[in-house]
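Here is how the chains run, residue by residue.
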Amino acid sequence: MIRRAVLLLTACLVVLAGGAGQAQAVGYRYWSFWDRDGDRWTYATQGPSLARPADGDVQGFRFSVSEDSQDSAQPRGTADFKTVCAGTPAREGHKRVALVLDFGTAADAPSGETPPSARTACARVAPDATTAEALAAVARPLRYDSAALLCAIAGYPRRGCGEQVAAGNEGNEPATAAQGRATGAKSERDTDGGGPSVGVLAGAAAVAVLGAAAVWQMRRRGDA
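The structure presented is a predicted model; accordingly, all values stated were derived computationally and were not measured.

**Brief notes about the side chain of D102**
Structurally, D102 can be placed in strand β4 (residues 95-102). Within the structure, D102 has its side chain in polar contact with the backbone nitrogen of G104 (distance 2.9 Å). Not counting chain neighbours up to four residues away, the residues in contact with D102 comprise W31, F61, R62, F63, Q74, P75, R76 and A118.

Take a look at the structure:
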């Protein structure tokens, strides 16, 4: 009986731990912002409204579902300033910035939407222009939320902005309307205050009930 009770409690704890892990397995659907450094992409340390690229810089945007900047998907393909801006001649009093726009995969797209094909563009803008201004010059319409989070490039996606998506639910409706605070800077996401989830509390209660039942059965056996 004791062995059976121990096995039962162990199984419950395993289920509880697995449920807690699944509850935390979420991502966010948003546009990430990248700098091209030689032949590799690096996650931008400033948002596009603050970054001021130099003439000849290559920057990229990628739409995807990711948990944070550590697992965010990079723009695909190779990017080279000379290739992207070959058809845009230099002009006095302007700078040229090569932009790579990767609209992501169908798996990361909001429900009912199809991502456009990835493309590049060469923005010729004022010397002090930000990346956001360069983007506006070549990829309208842009859409921002009330917190200045970049929500859409070239009209994609039509709706949503940094929403939270449950794992395995990438192509469906968002799990919640949680908003990302910064695109292109290190991710900052809203939390629930750090308290235990309903699932964890319910699981803990179930373990307690099963434990009490096991003890009651052992006592009953002893009295019999």
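That was the structure; now back to the text.
**Digging into the pattern of salt bridges**
Within the structure shown, the criterion is met by 5 salt bridges. With a closest N to O distance of 3.7 Å, D102 and R62 form a salt bridge. With D102 in strand β4 and R62 in strand β3 (residues 58-66), the pair connects residues that are 40 residues apart, well separated along the chain. One network of salt bridges, in which partners are shared, links R62, R76 and D102.

**Observations concerning the state of the cysteines**
If you walk through the whole model with that rule in mind, you get 2 disulfides. Disulfide partner of C85: C122, at an S-S distance of 2.0 Å. Here the disulfide of C85 and C122 is right-handed, its torsion about the S-S bond being about 100 degrees. One end of the pair, C85, is in the loop between α2 (81-84) and β4; the other, C122, is in strand β5 (residues 119-125), and 37 residues separate them in sequence. A sulfur-sulfur distance of 2.0 Å marks the disulfide that ties C151 to C161. Where C151 bonds to C161 through sulfur, the torsion about that S-S bond is close to -75 degrees, and the disulfide is left-handed. On the criterion of sequence distance, the pair formed by C151 in strand β7 (residues 150-152) and C161 in the loop between β7 and β8 (164-166) is long-range, its members being 10 residues apart. No difference in accessibility class separates C151 from C161, as the two residues are buried.

**Quick look at the packing of aromatic side chains**
Applying the stated criterion to the full structure yields 6 aromatic pairs. Taken together, a centroid distance of 4.9 Å and an interplanar angle of 15 degrees make the contact between F33 and F61 stacked. Placement of F33 in strand β1 (residues 26-37) and of F61 in strand β3 is noted, with a sequence separation of 28 residues between them. For the pair F33 and F61, a shared accessibility class is recorded, and that class is buried. Taken together, a centroid distance of 6.0 Å and an interplanar angle of 75 degrees make the contact between F103 and Y156 edge-to-face.

**A few points about helix α3 (residues 131-138)**
Listed as buried for α3 are T131, A132, A134, L135 and A136. The elements touched by buried residues of α3 are β1, β3, β4, β5, β6 (143-144) and β7.

Each value, and the rule that gives it
- Residues numbered from 1 in each chain as written.
- Predicted model: local features only at pLDDT ≥ 70, side-chain atom pairs only at ≥ 80, totals over all residues.
- Heavy atoms only, no water.
- Helix = DSSP H or I, 4+ residues; strand = E, 2+ residues; numbered from the N terminus.
- Polar contact = N/O pair within 3.5 Å; in protein donor to acceptor, adjacent residues only side chain to side chain.
- Contact = heavy atoms within 4.5 Å.
- Salt bridge = Lys/Arg side-chain N within 4 Å of Asp/Glu carboxyl O.
- Disulfide = S-S within 2.5 Å.
- Buried < 20%, exposed > 50% of the residue type's maximum accessible area, 1.4 Å probe, protein only.
- Phe/Tyr/Trp six-rings, centres within 6.5 Å; stacked < 30°, edge-to-face > 60°.

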